[in-house]
Amino acid sequence: MSLLARLMTHPLEPGYATAASRRAHGHRLGATSRAVTALAAVLCGLSAVVAVNHLRRPAPEAVQARRLVEAELTERIAHVEGTRTSNDTTRRRIAELQDQALTGAGGRALADEVAGLGRLTGELAVTGPGLQVVLEDAPVPAGGQPDADSVPARRGRVTDRDLQLVVNGLWAAGAEAIAINGSRLTSLSAIRSAGQAILVDLQPQLPPYEIAALGEPDRLRTHLAEGIAGRYLDLLTADGIRSRISPRARVDLPGSASTFRLHHARPVREVP
Amino acid sequence: MIAVLGLVIGVIAGLVIEPTVPGWMQPYLPIAVVAALDAVLGGLRAVLDGIFDDRVFVVSFLSNIVVAALMVYLGDQLGVGSQLATGVVVVLGIRIFSNAAAIRRHLFKA
């Protein structure tokens, strides 16, 4: 403790006292040492102010790295959007050419069948009267953002399971085609969750979730309400999830963005 | 007083030039600033005591910074960097406090 005690009682550099006594004896600094002292003092001031300046500024590397990642992200998103648009164009072109080729070959009936199948599988866009179901997360209670992982917050959030049940209910009610937030569902579509996000065919979707179903609106509505999905929607309302079901005179469902590959079964060779 | 003059010139030069600090130096900056603060307060007290000396001031200033940085470096090498830095800050902090108290007594006689 003596070290700390000494620090408390004699905080001044002992050198000052020594120098003072030396000065009292008539000892003076030479010109050279005065110049060196001045230079060193300049150095001291410079280093101190540079250090302070540097510490007050945010680390430029971090800012730069962040900006770089941001730029790359924007670029990638633009790239994805561009590719998706060009995919859509190409797909439409392929359908057109296919239609032409089939018609040209004299198979009008065949072309119609291909178009019909394309609408059925979700490859081609369809339009017509239908039903719209909107699911939205429970409103955040007044007084700020609660913990996102708290039980009420989790219960009030729409999950992949909810969407699956509503979609299956719509299929059961006789929907001819379904899209979630403009993402067309096919027989191979998956509605899954990754963390807090819901993925429809691996594309993340954000609330509100608009499920558009093609079909006779009144019939869809009645059958949906009668089925298990109707009761499930009531349960969701109890958790604070808002749902709206509204008939539409016209719903536009785009073609699915997924790749269509022809899967066909082959008989297993009989072993003699 | 030549040391004070030099210090002021250095501060102004630093503000005007704004040189960049190499990356390897950055861990030592905070502790160096505390050491510099200690030296400045010590010098101020010496002025009020009437025993200020240019050479002692500059030497204490430089040695403070260098020793503090060395201790942090040594601590980093031994894996006790933050603890040693804390020690340096505690010692310098006590000195800063005591010198500030002495300066206050000088100025306000209280």
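The rules behind the values
Residues numbered from 1 in each chain as written. Chains lettered and ligands numbered in written order. Predicted model: local features only at pLDDT ≥ 70, side-chain atom pairs only at ≥ 80, totals over all residues. Helix = DSSP H or I, 4+ residues; strand = E, 2+ residues; numbered from the N terminus. Buried ≥ 20, exposed ≤ 12 C-beta atoms within 10 Å, placed from the backbone. Contact = placed C-beta atoms within 7 Å. Pairing = 2+ DSSP bridges. Axes fitted to C-alpha atoms, helices over the stretch in contact; angles between N-to-C directions. Parallel < 35°, antiparallel > 145°, perpendicular 65-115°, else oblique. Left-handed = near helix turned anticlockwise from the far one by under 90°. Nonpolar A, V, L, I, M, F, W, Y, C, P; charged D, E, K, R; others polar. Core = buried A, V, L, I, M, F, W, Y, C linked by C-beta atoms within 7 Å.

Chemist: Looking at this model, I keep getting lost on the overall build of chain A. Mind explaining?
Modeler: What chain A contains, in helices and strands, is 9 helices and 8 strands. For chain A, the proportion of its 272 residues judged to be buried stands at 24%. Considering only residue pairs separated by 6 or more positions, chain A has 78% of its internal contacts joining residues 24 or more positions apart.

Chemist: Would you explain the sheet that holds strand β2 (residues 177-180) of chain A in this entry?
Modeler: In a beta sheet, neighbouring strands are held together by backbone hydrogen bonds and run either parallel or antiparallel to one another. All names here are of chain A. Taken together, 5 strands build an open sheet; the order of strands is β3-β2-β7-β1-β8 and the sheet is antiparallel. Whereas interior strands pair on both sides, the edge strands pair on one side only; in this sheet they are β3 (183-184) and β8 (242-253). Bridge count for β2 against β3 is 2 bridges, and the pairing is antiparallel. Looking at β3, one finds that I180 is bridged to S183.

Chemist: What exactly am I supposed to notice about the packing of helix α3 (residues 54-78) of chain B against helix α4 (residues 81-108) of chain B here?
Modeler: When two helices pack together, their arrangement is given by the angle between the helix axes and by the axis-to-axis distance. Residues and elements named next belong to chain B. Between α3 and α4, whose axes approach to 7 Å, the crossing angle comes to 155°. What the angle tells us is that α3 and α4 run roughly antiparallel. Relative to α4, α3 is oriented so that their crossing is right-handed. Touching A68, M71, V72, L74, G75 and D76 of α3 are G81, Q83, L84, A85 and V88, all from α4.

Chemist: What exactly am I supposed to notice about the sheet that holds strand β4 (residues 191-194) of chain A here?
Modeler: Residues and elements named next belong to chain A. Across the sheet, 3 strands lie side by side as β4-β5-β6; this open sheet has antiparallel pairing. Two strands close off the open sheet at either side, each with one partner strand: β4 and β6 (203-205). Each neighbouring strand pair of the sheet contributes to a mean axis angle of 40°, computed without reference to strand direction. In this structure, strand β5 (residues 197-200) lies alongside β6, joined through 3 bridges in antiparallel fashion. Looking at the pairing, V200 lines up with Q203 of β6. Packed onto the sheet, helix α7 (residues 160-172) meets β4 and β5 and runs at close to 175° relative to β4.

Chemist: Looking at this model, I keep getting lost on the environment of A:G169. Mind explaining?
Modeler: All names here are of chain A. Counting through the fold element by element, G169 comes out in helix α7. Residue G169 is classed as buried on the basis of its C-beta count, with 25 C-beta atoms lying within 10 Å. In the structure, G169 is positioned 60 residues away from A229 in sequence and 5.1 Å away in space, judged by C-alpha atoms. Excluding residues that lie within four positions of it along the chain, G169 makes contacts with L224, G227, I228 and A229.

Chemist: It is not clear to me how unusual backbone geometry should be interpreted in this structure. Could you clarify?
Modeler: The phi torsion of most residues other than glycine is negative, and most of the peptide bonds are trans. All names here are of chain A. Here P207 and P208 are connected by a cis peptide whose omega angle stands at 0°. Locating P208 in the fold gives a position in the loop between β6 and β7 (209-214). Positive phi, close to 50°, is recorded for N181, a residue that is not glycine. Tracing the sequence through the fold places N181 in the loop between β2 and β3. By the C-beta count within 10 Å, which is 16 here, N181 ends up partly exposed.

Chemist: What should I look at first to understand the interface of chain B and chain A in this one?
Modeler: As a measure of interface size, the accessible area lost when the parts come together is often cited. In this assembly, 40 residues from chain B lie in contact with 33 residues from chain A. Sorting elements by how many residues they give to the side of chain B that touches chain A places helix α1 (residues 2-17) of chain B first, with 12 residues. Partitioning the side of chain B that touches chain A into residue classes produces 27 nonpolar, 7 polar and 6 charged.

Chemist: Where do I start with the environment of B:L48 in this structure?
Modeler: Residues and elements named next belong to chain B. Considering the arrangement of structural elements, one finds L48 in helix α2 (residues 29-49). Placed 59 residues apart in sequence, L48 and L107 show a C-alpha to C-alpha distance of 8.5 Å. In contact with L48, other than residues within four places in its own chain, are I103 and H106.

Chemist: Would you mind going over the nonpolar core with me for this structure?
Modeler: Soluble globular proteins: nonpolar side chains tend toward being buried together. Core analysis: the biggest nonpolar cluster contains 38 residues, and A:A41, A:C44, B:I31, B:A32, B:A35 and B:A36 have the highest contact counts within it. Among the elements of the structure, α2 (14-24) and α3 (31-56) of chain A together with α1, α2, α3 and α4 of chain B are those that each provide at least two residues to this core. Contacts of B:A36, omitting those with residues within four sequence positions, involve A:C44, A:A48, B:F61, B:N64 and B:I65. Residues A:L170, A:I180, A:I198 and A:L224 belong to the second largest nonpolar core, which totals 32 residues.

As far as function goes, none of this settles anything; it's purely spatial.
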